[in-house]
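# Structural description and commentary
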Amino acid sequence: MARNRQPTGLRRSNDPPVLILTSLAAGPKHGHALAKDIEDFAGVALGPGALYGAITRLEERGLIAPLETDDRRRPYRITAAGSAALAEVVDDMRRIADIGASRLGLIPGALA
Amino acid sequence: MSPRRSKGFGLLRWYPPRWQERYGDEFDALMEDTLGERPPTPRLRLAVALAGLRERGRESGIVGDSTPPADRARVGSLLVLCAWAAFVVAGSSFAKLSEGFGLTGPTRTASLSSGAYRTVTVVAIVACLVVMFGMAIAVPSFLRFLRAGGWPQIRRHVVRALIASVIGISALTALVGLAHTLSPAQRAGELVSHPAVWYYQVAFIATTLLLAVALGLWTVAAVATVRRLDLTGRVLSTEAVLAAAATVAMVVMTAATAVWWGSIASSTPWFVQGTPAGSAGSPVNVQLVGTMVLMLVASILAGYGVSRGAQSGLTFRSGRRA
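Residues numbered from 1 in each chain as written. Chains lettered and ligands numbered in written order. Predicted model: local features only at pLDDT ≥ 70, side-chain atom pairs only at ≥ 80, totals over all residues.

The secondary structure content of chain A amounts to four helices and two strands. Seen in sequence order, chain A has helices and strands lined up from the N terminus as α-α-α-β-β-α. Taken across its 112 residues, chain A has 30% of its residues classed as buried. Restricting the contact set of chain A to residue pairs at least 6 apart, pairs at least 24 apart contribute 50%. (Helix = DSSP H or I, 4+ residues; strand = E, 2+ residues; numbered from the N terminus. Buried ≥ 20, exposed ≤ 12 C-beta atoms within 10 Å, placed from the backbone. Contact = placed C-beta atoms within 7 Å.)

In structure tokens:
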């Protein structure tokens, strides 16, 4: 589906970049805090390799930015471009979820 | 080991140096937070190793879209060159296996196997010319690179390849001398209980490995050099076309080798085994299986290289620096 092929490379709800952006939408976090938060809200355990692979891609695309820190645990924040990209993905997912819910009869009176 | 890298467990080495420089400390901190005092599990080690290799692939332009399109096109052609080096090894193995075919082979009259054999031979010559032409058009850039003082950047690779070549050629010379003391049957591996035959077999395998290593090191030197060359858009696009042609040649040769094998196996399996004519024998030969597998792997790698070049989506213009 064309709408799923976004220039940001975000596709699925369980895509590590989508999960990271969703987590950072609540505020800056470092690697371990990100992994814990994602496990809490999505039930997805991202390993260090997958987490930092996604962080690298997101930073390259300007969707997240590192914050200054004296510690080795560098926090990241979502950028305006990241928020826009996440909003687009969330909208896409909500549209699909709405269609699925209506087709399953989970939304009374709605027709898809 | 620095105490700041206490939980890295050496896993960072899988990542490219630039990545380690940028993310190494925070990655170590994450490992520390995740593992505590526990050592990483084999599964975690494997996952990190794969992620690191993927990062290396991205940085070098082999996978992903992090590098500029021109670099991806260049990497695509270099992948085809590496595939070609592997194919040369497979082709040499095929040449040795099919030694005598068409001269004294029992299937001289079998048109299918003869046609397949001729196809391999002719396409191999054409492919060699294509690869040589590809190297020739990069020569002006290479000379500019040397004049600009680039030699120290590639010296280590070239010297290593030269040393390996000298050793390989010396071994080959000694092998040829030894071969002249044996009969054709002994050279073909018969009468293996004879000490000279046994020495010849060992020397043959060792020499083959040495020459394969030398070829591999030359390929590494070529890759290291080409990555540093300032190639114009026209040269890059021509290289991409030549890479595609070489890939087609590899696929054709692989298919022709499979046809040759199938034809020989159905009519005269003893030729595949190298046993006396008319004797019973399995059409499966371990060396031929290995040769076919290497040809297939090389063809697939070359196909990926061509697709990588095509994915770069560049429309090269004459004279433009890439």
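So, about the environment of Asn14(A). Residues and elements named next belong to chain A. Position of Asn14 among the secondary structure elements: in the segment before helix H1 (16-24). Measuring from C-alpha to C-alpha, the distance between Asn14 and Gly43 comes to 9.6 Å, with 29 residues separating the pair along the chain. Every residue in contact with Asn14, bar those within four places of it in the chain, is listed here: Leu19, Ala42 and Val44.

Before going further, it helps to examine the interface of chain A and chain B. For an interface, size is often stated in terms of accessible area lost upon the parts coming together. The interface is formed by 13 residues belonging to chain A together with 18 residues belonging to chain B. Elements supplying a minimum of two residues to the side of chain A that touches chain B: helix H2 (31-42) and helix H3 (48-60) of chain A. Looking at the side of chain A that touches chain B, the element that brings in the most residues is H3(A), giving seven residues. Grouping the constituent residues of the side of chain A that touches chain B by class yields three nonpolar, six polar and four charged. (Nonpolar A, V, L, I, M, F, W, Y, C, P; charged D, E, K, R; others polar.)

On to the packing of H1(A) against helix H4 (residues 80-103) of chain A, then. All names here are of chain A. For the pair H1 and H4, the least separation of the axes is 10 Å and the interaxial angle reads 115°. As judged from the angle between their axes, H1 and H4 are roughly perpendicular. The way H1 lies across H4 gives a crossing that is left-handed. Taking contact as the criterion, the partners of Val18, Leu21 and Thr22 in H1 are, on H4, Gly82, Ala85, Leu86 and Val89. Among the residues forming the contact of H1 with H4, the class breakdown is five nonpolar, two polar and no charged. (Axes fitted to C-alpha atoms, helices over the stretch in contact; angles between N-to-C directions. Parallel < 35°, antiparallel > 145°, perpendicular 65-115°, else oblique. Left-handed = near helix turned anticlockwise from the far one by under 90°.)

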